[in-house]
Amino acid sequence: MSSEQHAITSAEYIRHHLTNWTYGKFPDGHWGFAHDAAQAKSMGFMAIHVDTMLWSIATGLLFLFFFHQAARKATAGIPGGLQNFVEWVCEFIDTNVRGSFTARNDLVAPMALTIFMWVFLMNFMDLLPVDWIPLIAGQVGEHAYNMDPHHVFMKIVPSTDPNATFGMSLAIFALMIVYSFKNKGVAGFFAELTLHPFSSKNTLLQIIFVPINFVLEFVSLIAKPLSLSLRLYGNMYAGEMIFILIALMFGGGFIMQLAGGLLQWGWAVFHILIITLQAFIFMTLAIVYMDMAHQVPHEQH
Amino acid sequence: MDINLTLIGQSITFFLFIWFTMKFVWPPIVNALAARRAQIADGLSAAEKAKHDEELSKHRIAELLRDAKAQAQEIIGQAEKRAAEIIDAAKTSAKTEAERIVLAANAEIEQNVHRAREQLRGQVASLAVAGASRVLKKEINAAANEDLLKDLVAQL
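These numbers were taken from a predicted model, which means no experiment stands behind them.

Caption draft 1: Representation of empty space enclosed by the protein. All names here are of chain A. This model, assessed by the stated rule, comprises one cavity of 30 Å³ or more. What the largest cavity holds in volume is close to 50 Å³. Every residue along the wall of the largest cavity is listed here: H17, M125, D126, L128, V130, P134, M154, K155, I156, V157 and E240.

Here you go:
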């Protein structure tokens, strides 16, 4: 918490930390940055979270830069430090893809690598103390742009923004649909949706089963991108929230501050596990979903 | 949780990142890994081959050594045999030479003895004749007593 012109309440502090830096179309038609959460809300769909885009692209480029650097100089001889690390990650991904993905598709392994590294780096932003970058952003906003620092929003963990997680999971969902159509054909895809799990030789029974099957399978189909993104979002949002709550303790006395420091350290250590695990789960499920999209049933039930 | 344009932006970003990884990151690294794997496999098989070769040459060296030893043994044997032969031959020739010399010496001695005897015989005959003539005080006709003298000489 920082000492600003007027003291802010805990609720305001939390809300400030949970509001994105938003650029969008105001209800009156002009485009601009939202000054508070209410304005951001009024923009509806025609808005963009600048901080989410900025940090996700920054982390993504960081990943691509280092990996590309390693890939450009990749040699079959003795690898250097960076190449060693990159190869280690790639072999790890490759092992996972080989384990879960049975068909042949050159897209899946690079996709898995991108997901794993990108999600990991986005999650990693969570380990930076929650106030550092928002504080810097507030100072920059105040002194360079003459803004009220309370109206400078900077959420640095893109994976706590459902837009980011849904953006990825919907992209994976789109790939799933595309490859399902490609491998099974439109008929095969809908057959999978409607002739499963209940089937019968009896035509009448089969007709009754079709809508039931469709409901069941459609729900499970839709649940895939939903659960994929909500799992990551929920974990990261909760983790971020706990960091924010711990940060509130720094407003208390010395004992509170000490306890807050210890708690933050402890939670950060635990969080290292969570961010890696979430990145891994996201990747593994994406691979599994892609594998499902490539599986052509040998027999029609 | 407000869903907005960020969703689309994130999806596009995601696809771009995948595309970049697929195009510029993944293949070089995986190729390098595959190439290294091949290199290591080659190196291992080369090492295996070298080991095998070493084993073979060890065998070969042992064989050569054994042959050389056998040959040396043979040569020594032959040399010894030859030396013995030479010694034998020398002995034999020395012996025959010695025998020859002895024989020659013997023959000469015999000859000398014979000659001396002949001489003595002749002298004894004349001595006998002279003695006899002294005894008889008369000249013995040597020619008349030729047979008698010859008989006497032969008896000596």
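Caption draft 2: Representation of the sheet that holds strand β1 (residues 22-25) of chain A in the model. All names here are of chain A. The strand order across the open sheet formed by three strands is β2-β1-β3, and the pairing between neighbours is antiparallel. Across the chains shown, the open sheet's two edge strands, defined by having one partner strand only, are β2 (31-33) and β3 (47-49). Pairs of neighbouring strands in the sheet enclose a mean axial angle of 15 degrees, with direction left out of account. Note: β1 against β3, three bridges, orientation antiparallel. Note on β3: the bridge partner recorded for T22 is H49. Where helix α3 (residues 50-72) meets the sheet, its contacts fall on β1, β2 and β3, and the angle it forms with β3 comes to roughly 45 degrees.

Caption draft 3: Structural detail: the confidence of the model for chain B. When pLDDT is averaged along chain B, the result is 89, and 94% of the positions lie at 70 or above. For this predicted complex, the interface confidence reaches an ipTM of 0.89, while the overall pTM sits at 0.76.

Caption draft 4: Highlighting the interface of chain B and chain A. Facing 30 residues of chain B, the contacting portion of chain A comprises 51 residues. For the pair chain B and chain A, the summed buried surface comes to about 3700 Å²; carbon and sulfur atoms form 75% of the total. Taken together, the connections running from chain B to chain A amount to two salt bridges. Note that A:E87 and B:R36 form a salt bridge whose closest N and O atoms lie 2.8 Å from each other. Summed over the shared surface of chain B and chain A, the number is 14 residue pairs in polar contact (both at pLDDT 80 or more).

What counts, and where the lines are drawn
Residues numbered from 1 in each chain as written. Chains lettered and ligands numbered in written order. Predicted model: local features only at pLDDT ≥ 70, side-chain atom pairs only at ≥ 80, totals over all residues. Heavy atoms only, no water. 1 Å grid on protein atoms, 1.4 Å probe; cavity = no way out; pocket = protein on both sides within 12 Å on 5 of 7 lines; lining within 4 Å. Points joined across faces, edges and corners; volume = space filled by probe spheres on them. Pairing = 2+ DSSP bridges. Helix = DSSP H or I, 4+ residues; strand = E, 2+ residues; numbered from the N terminus. Axes fitted to C-alpha atoms, helices over the stretch in contact; angles between N-to-C directions. Contact = heavy atoms within 4.5 Å. pLDDT = per-residue confidence, 0-100. Buried area = accessible area lost by both parts, 1.4 Å probe. Salt bridge = Lys/Arg side-chain N within 4 Å of Asp/Glu carboxyl O. Polar contact = N/O pair within 3.5 Å; in protein donor to acceptor, adjacent residues only side chain to side chain.

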